[in-house]
Amino acid sequence: PESLRLVDGAQPEEGRIEIYHDGRWGTVCGHQWDDVDARVACIQLGFDVSIETGPRLFPPGGGTIWFEDVSCGGGEARLVDCDHGPFGETDCDHFDDVGVVCDTDGDGYGDNSSGTNGDACPGAVGNSTVDRKGCKDSDGDGWSDASDMFRNDPTQWSDRDGDRIDVFELIS
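Predicted model, so just to flag it, every value in this text is computed and none were measured.

Student: What is the right way to read the environment of proline 59 from this model?
Tutor: In this fold, proline 59 is placed in the loop between β4 (50–55) and β5 (65–67). Put simply, proline 59 and valine 98 are 39 residues apart on the chain and 9.7 Å apart in space, counted from C-alpha to C-alpha. In this structure proline 59 touches Asp8 and Arg16, once residues within four positions along its chain are discounted.

Here it is, written out as structure tokens:
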């Protein structure tokens, strides 16, 4: 059966998509690739949703480009269950190899427990200004608690005078 793996990513949940077919690993072309296709790939790999996808996200692969023109409906269990062009017949080169960044905790922002990169809940003031799903936001103002100097005041970031400046005039 066709297996899937991610190659050349910095984390296990990201990389160029490769599929095992006919006894060898090959890549998938990014022509017609979209977020639904990426979601199916991430789910097949045991992750949740994809948060970023497309060709040229990761270094190009080598060997066979197994297929292109992937079109998933979203309910497929495996990437090969989606509509796609014939195996081994593509007009792609490896610069079109598709990659994906998957999310394992379901918040749609990747996975970074330290809070200093794409995932979200910042570990210290200044790491993030926008609350993200799954981050504690006690006052509901859209700033996660770890970066909110006024955790119990939901109005502190509002633009009270309508000049489109909020944060800086409040703390200056």
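Text resumes after the structure shown.
Student: Any chance you could explain the environment of glycine 75 here in plain terms?
Tutor: Tracing the chain through its elements places glycine 75 in the loop between β5 and β6 (98–102). According to the relative accessible area criterion, glycine 75 is exposed, its value standing at 76%. Between the C-alpha atom of glycine 75 and that of valine 40, which follows or precedes it by 35 residues, the distance is 7.6 Å.

Student: Help me understand the packing of aromatic side chains in this model?
Tutor: Here a ring pair, both rings aromatic, is described through the centre-centre distance and the interplanar angle of the planes. By the definition in use, this model includes 3 aromatic pairs. With centroids separated by 5.9 Å and ring planes inclined at 65°, the aromatic side chains of tryptophan 66 and phenylalanine 87 adopt a geometry described as edge-to-face. Placement of the pair is tryptophan 66 in strand β5 and phenylalanine 87 in the loop between β5 and β6, with a sequence separation of 21 residues. Each residue in the set Trp66, Phe67 and Phe87 is aromatic and connected to the rest through ring pairs, giving one cluster. A cation over a ring is seen here: arginine 5 above tryptophan 25, with NZ or CZ 4.0 Å from the ring centre.

Student: Explain the pattern of salt bridges here, please?
Tutor: Charged atoms that come close allow side chains of opposite charge to pair. Taken as a whole and judged by the stated rule, the model has 6 salt bridges. Across the pair glutamate 18 and arginine 5 runs a salt bridge whose closest N-O atoms are separated by 2.8 Å. Separated by 13 residues along the polypeptide, glutamate 18 in strand β2 (residues 14–21) and arginine 5 in strand β1 (residues 3–7) bring together distant segments of the chain. Note on glutamate 18: relative accessible area 7%, which makes it buried. What makes arginine 5 partly exposed here is its relative accessible area of 32%. A salt bridge links arginine 16 to glutamate 18; its shortest N-O distance comes to 2.9 Å. A relative accessible area of 5% means that arginine 16 is categorised as buried. If you follow the salt bridges from partner to partner, you end up with Arg5, Asp8, Arg16 and Glu18 in one network.

Student: How should I be thinking about unusual backbone geometry in this particular structure?
Tutor: Most peptide bonds take the trans form, and the phi angle of most residues other than glycine is negative. For aspartate 8, which is not glycine, the phi dihedral falls at a positive 70°. Examined against the element boundaries, aspartate 8 turns out to sit in the loop between β1 and β2. We classify aspartate 8 as partly exposed; its relative accessible area is 45%. A positive phi angle is found at aspartate 69, which is not glycine, with a value near 55°. Take aspartate 69: it is sitting in the loop between β5 and β6.

Student: What am I meant to see in the state of the cysteines here?
Tutor: Each disulfide consists of a covalent bond between the sulfur atoms of two cysteine residues. Considering all chains together, one arrives at 3 disulfides under this definition. Residue pairing for cysteine 29: its cysteine sulfur links by disulfide to cysteine 92, the two sulfurs lying 1.9 Å apart. Between cysteine 29 and cysteine 92, the S-S torsion sits near -80°, and that sign places the bridge as left-handed. Taken together, the residues span a long stretch of sequence, with cysteine 29 in the loop between β3 (24–28) and α1 (35–44) and cysteine 92 in the loop between β5 and β6 at a distance of 63 residues. Given a relative accessible area of 1%, cysteine 29 falls into the buried group. Disulfide pairing is shown between cysteine 72 and cysteine 82; the S-S distance is 2.0 Å. Disulfide cysteine 72 to cysteine 82: torsion about the S-S bond roughly 100°, handedness right-handed. On the criterion of sequence distance, the pair formed by cysteine 72 in the loop between β5 and β6 and cysteine 82 in the loop between β5 and β6 is long-range, its members being 10 residues apart. We note that cysteine 72, like cysteine 82, is buried.

The rules behind these values
- Residue positions are counted from 1 within each chain, in the order its sequence is given.
- It should be noted that, the model being predicted, local features are given only for residues of pLDDT at least 70 and side-chain atom pairs only at 80 or more, the latter also being counted only at that level, while totals for whole chains, interfaces and linings use all residues.
- Hydrogen atoms and water are omitted, and side-chain values are computed over all heavy atoms in the structure.
- Starting at the N terminus, helices and strands are each numbered in turn, a helix being any DSSP run of H or I of at least four residues and a strand any DSSP run of E of at least two.
- By definition in these notes, contact holds between two residues if any of their heavy atoms fall within 4.5 Å.
- The rule is simple: take the accessible area with a 1.4 Å probe, protein chains only, and divide by the maximum for that residue type; under 20% is buried, over 50% is exposed, in between is partly exposed.
- Stacked, tilted and edge-to-face are the three classes assigned to paired rings of Phe, Tyr and Trp, where Trp is represented by its six-membered ring and a pair needs centres within 6.5 Å; plane angles under 30 degrees give stacked, over 60 edge-to-face, the rest tilted.
- Charge-over-ring contacts are defined here by two conditions on Lys NZ or Arg CZ: a distance within 6 Å of the ring centre and an angle within 35 degrees of the ring normal.
- Any carboxyl oxygen of Asp or Glu within 4 Å of a side-chain nitrogen of Lys or Arg constitutes a salt bridge here.
- A pair of cysteine sulfur atoms is labelled a disulfide when the two atoms are within 2.5 Å.

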